[in-house]
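The chain contents come next:
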Amino acid sequence: MVTLYQALMLILDVVWFVMIAHIIMSWLINFQVLNLRQPLIWQIWNGLNRLLEPIYAPVRRILPNTGGLDLAPLVVFIVIIIAQRALANNAGFFYGF
């Protein structure tokens with residue numbers, strides 16, 4: 001059970017860091033520091049979008065339309081934090097206490 005706990009925490013941490021990279025990259029693209037016409041930048045951006053869109057899409061369907069402001073990453077961040085805290089608070093179950 002310890003392995004399950006560690007695997008779940010690792011998955012949540014990886015998703016967290018991929019989301020941070022996606023958000024920072026979107027800022028750099030919007031402020032024209034990075035250019036999507038460069039093949040490497042486009043591949044990284046496309047890969048991050050493909051990884052995160054299945055996570056963001058259900059949240060976007062629930063949230064109201066806010067125009068140019070995308071609140072899906074914020075909601076997913078909150079869900080990840082809640083999941084990590086819930087796992088940490090119930091770690092005794094995984095460790096057999």
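Computed from a predicted structure; not experimentally measured.

1. Thoughts on the overall build of the protein
- Secondary structure summary: the protein contains four helices and zero strands in total.
- Here the protein has a C-alpha radius of gyration of 17 Å; the compact-globule value for 97 residues is 13 Å, and the former is much larger.
- Expressed along its principal axes, the backbone C-alpha trace of the protein runs to roughly 55 × 30 × 20 Å.
- For the protein, the residues scored as buried account for 25% of the 97 residues in total.
- Across the protein, the fraction of contacts at a sequence separation of at least 24, relative to all contacts at a separation of at least 6, is 59%.
- Accessible area for the protein stands at about 7100 Å²; split by element, carbon and sulfur atoms hold 69% of it.

2. As for the pattern of salt bridges
- Applying the stated criterion to the full structure yields two salt bridges.
- Residues Arg60 and Glu53 are paired through a salt bridge, measuring 2.9 Å at the closest nitrogen-oxygen approach.
- The class of Glu53 is partly exposed, set by a relative accessible area of 36%.
- Among the ionic pairs, Asp70 bridges to Arg60, the shortest N-O distance being 2.6 Å. Here Arg60 lies in helix α2 (residues 39–62) and Asp70 lies in the loop between α2 and α3 (72–89), a separation of 10 residues in the sequence.
- The exposure class assigned to Asp70 is partly exposed, which follows from its relative accessible area of 38%.
- Among the residues examined, Arg60 registers a relative accessible area of 33% and is labelled partly exposed.
- Linked through salt bridges whose partners overlap, the residues forming this network are Glu53, Arg60 and Asp70.

3. A word on the side chain of His22
- Note on placement: His22 falls in helix α1 (residues 2–30).
- Leave out the neighbours within four places in its chain, and His22 touches Trp45, Leu48, Asn49, Leu52 and Tyr56.

4. Quick look at the confidence of the model for the protein
- Looking at the protein, the pLDDT average stands at 93 and 100% of residues meet or exceed 70.
- At the low end of the mean pLDDT range in the protein sits helix α4 (residues 91–95), at 82; at the high end sits α2, at 96.

5. Considerations on the nonpolar core
- Membership of the largest hydrophobic core comes to 15 residues, with the highest contact counts inside it found for Tyr5, Met19, Tyr56, Val76, Ile80 and Leu87.
- Elements with a minimum of two residues in this core: α1, α2, α3 and α4.
- For Ile80, the residues in contact, after removing those within four places along its chain, are Leu12, Val15, Trp16 and Met19.
- In terms of nonpolar packing, the next biggest core, distinct from the first, is built from five residues, Met25, Ile29, Ile41 and Trp45 among them.

Definitions and limits used
Residues numbered from 1 in each chain as written. Predicted model: local features only at pLDDT ≥ 70, side-chain atom pairs only at ≥ 80, totals over all residues. Heavy atoms only, no water. Helix = DSSP H or I, 4+ residues; strand = E, 2+ residues; numbered from the N terminus. Rg over C-alpha atoms; globule rule 2.2 N^0.38 Å. Buried < 20%, exposed > 50% of the residue type's maximum accessible area, 1.4 Å probe, protein only. Contact = heavy atoms within 4.5 Å. Areas by Shrake-Rupley, 256 points an atom, 1.4 Å probe, with all protein chains shown as cover. Salt bridge = Lys/Arg side-chain N within 4 Å of Asp/Glu carboxyl O. pLDDT = per-residue confidence, 0-100. Core = buried A, V, L, I, M, F, W, Y, C linked by side-chain atoms within 4.5 Å.

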